[in-house]
Amino acid sequence: MEIKSTKILGIMSGTSMDGLDLALCDFSVNDNLVTFLVIAAETIPYEPVWKERLQNVFDATAEQYFKLHSLYGEFIAQSVTNFLNRNHQSADYISSHGHTIFHRPQLGFTTQIGCGATIAAQTGISTICDFRSLDVALKGQGAPLVPIGDRDLFHQYESCLNLGGIANISFTKNNSTRAFDICIANMALNYLTETLGKAFDEGGNLAASGTCNDQLLQQLLKLNTQQQSLGREWFEQHFIPVLKAPGLSIPDQLASCVEFTAQQISAVLNEQALKSVLITGGGAYNTHLINRLRHYFKGDIEIPSDEIIQFKEAIIFAYLGYLRVNEKINTLSSVTKAGSDSIGGCMYL
């Protein structure tokens, strides 16, 4: 039996370790379509002690690992309690992704710390967690999980593009949802601006002040970025050596990287004959990059509210919890390459 309306608190902690994202969402069903309302959303910044713990857990003993698993669950529970009290709200369920430590689908396991049992016990709220393990057991990659949320919650757009460190896309064609990495995005831009003592190129102003170098652009375009999973290791091995060509200013390198990213993304959008795209992630704030995308892609580019840009993943994990509670498929084998679709998530009631 489907619950017609329910409030679920989605919680996400990403690899950037900026903090804990919380999004309290009210889900309803109207004419067989799920709609959502974000009641409150907030990022709880990590104190230095938590950043250190999360960075150093890879070298921990088994006993230290499980101690941190429980301790991080307590931290999430306290964050939830404070968040709900501040906003004078309650939640029917908590849907917590946790913080990924070991993701080794090729070895048959994936681990996200943040004990769901601890969260449920200390908040008194039924908690859903461990969303990836069933898909891995079904020989999938345990990722990506977000595309089903893109498909169901943002169906008015033909595609959803996340402009993070990596540019990745999801879209549904012929009743099949696809999702994949396109190319390096903010990872390169931030790498370059950090050499100037800045965390990022605000608005893309530095890149806009530079001139694209055609030789560097052509070298970047020769890199085989599509049809594989990109990450920091790939970036350091393949992308950085190309960037280190002498004689170019940082603004010129930034301009070249923006042009590379815009061309790669627009090529995919045009090849797939997509007419509209919703853009989220930090790159949505890079005005110069968005302008270059508009130059190459003539379809509709939608930049949503700050709330959606910043909390889309937490919203979608709330939705994955909603699907789990209603015993509906929340993991798509068409994107994870598992043996079948599945209903992932462990529930502590």
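Here the structure is a predicted model, which means the values were calculated and not measured.

### Structural notes on the layout of surface pockets
Here is step 1 of the chain: The calculated volume of the second largest pocket comes to roughly 230 Å³.
Here is step 2 of the chain: Lining the second largest pocket are 17 residues, with His69, Gln112, Ile113, Cys129 and Asp130 sitting closest to its centre.
Here is step 3 of the chain: For the lining of the second largest pocket, the elements supplying multiple residues, two or more each, are α2 (62–86), β6 (109–113) and β13 (346–348).
Here is step 4 of the chain: Examining the composition of the lining of the second largest pocket, we find that four residues originate from one element, β6, more than from any other.
Here is step 5 of the chain: Of the residues that constitute the lining of the second largest pocket, the class distribution is seven nonpolar, nine polar and one charged.

### Side note on the packing of aromatic side chains
Here is step 1 of the chain: Evaluated as defined, the whole model comprises 16 aromatic pairs.
Here is step 2 of the chain: Between Phe36 and Phe154, the aromatic rings sit 5.8 Å apart at their centres with planes inclined by 65 degrees, giving edge-to-face as the arrangement. One end of the pair, Phe36, is in strand β3 (residues 33–45); the other, Phe154, is in the loop between α5 (147–153) and β8 (159–163), with 118 residues separating them in the sequence.
Here is step 3 of the chain: Of the residues examined, Phe36 reaches a relative accessible area of 23% and is grouped as partly exposed.
Here is step 4 of the chain: Taking relative accessible area as the criterion, Phe154 reaches 5% and is therefore assigned buried.
Here is step 5 of the chain: Here the aromatic residues Tyr46, Trp50, Tyr72 and Phe75 are joined through ring pairs into a cluster of three or more.
Here is step 6 of the chain: Sitting over the face of the ring of Trp50, Arg53 holds its NZ or CZ atom 4.6 Å from the ring centroid.

### A look at the side chain of Arg132
Here is step 1 of the chain: Mapped onto the secondary structure, Arg132 falls in the loop between β7 (127–129) and α4 (133–137).
Here is step 2 of the chain: Among buried Asp, Glu, Lys and Arg side chains, Arg132 stands out as unpaired, with Glu313 the closest opposite charge at 6.2 Å.
Here is step 3 of the chain: Here Arg132 is in contact with His97, His103, Thr110, Gln112, Gly142, Ala143, Leu145 and Phe317, once residues within four sequence places are set aside.

### Focus: helix α9 (residues 232–243)
Here is step 1 of the chain: Among all positions in α9, only Trp234, Phe235, Phe239, Ile240, Val242 and Leu243 are buried. Taken down its axis, α9 places every buried residue within 155 degrees of arc, on the same side.
Here is step 2 of the chain: Where α9 is buried, its residues touch β10 (176–184), α6 (186–194), α8 (214–222) and α10 (250–271).

### Focus: the pairing of strand β1 (residues 5–12)
Here is step 1 of the chain: With seven of eight residues buried, β1 lies mostly within the body of the structure.
Here is step 2 of the chain: As paired elements, β1 and strand β2 (residues 19–30) share eight bridges and run antiparallel to each other. Bridge pairing in β2 links Ser5 to Ser28.
Here is step 3 of the chain: As judged from the four bridges shared by β1 and strand β4 (residues 93–96), these two strands associate in the parallel manner. When the bridges of β4 are listed, Gly10 appears paired with Ser95.

Thresholds applied
- Residues numbered from 1 in each chain as written.
- Predicted model: local features only at pLDDT ≥ 70, side-chain atom pairs only at ≥ 80, totals over all residues.
- Heavy atoms only, no water.
- 1 Å grid on protein atoms, 1.4 Å probe; cavity = no way out; pocket = protein on both sides within 12 Å on 5 of 7 lines; lining within 4 Å.
- Points joined across faces, edges and corners; volume = space filled by probe spheres on them.
- Helix = DSSP H or I, 4+ residues; strand = E, 2+ residues; numbered from the N terminus.
- Nonpolar A, V, L, I, M, F, W, Y, C, P; charged D, E, K, R; others polar.
- Phe/Tyr/Trp six-rings, centres within 6.5 Å; stacked < 30°, edge-to-face > 60°.
- Buried < 20%, exposed > 50% of the residue type's maximum accessible area, 1.4 Å probe, protein only.
- Lys NZ or Arg CZ within 6 Å of the ring centre and 35° of its normal.
- Lys, Arg positive; Asp, Glu negative; His and termini not counted.
- Salt bridge = Lys/Arg side-chain N within 4 Å of Asp/Glu carboxyl O.
- Contact = heavy atoms within 4.5 Å.
- Arc of directions from axis to C-beta.
- Pairing = 2+ DSSP bridges.

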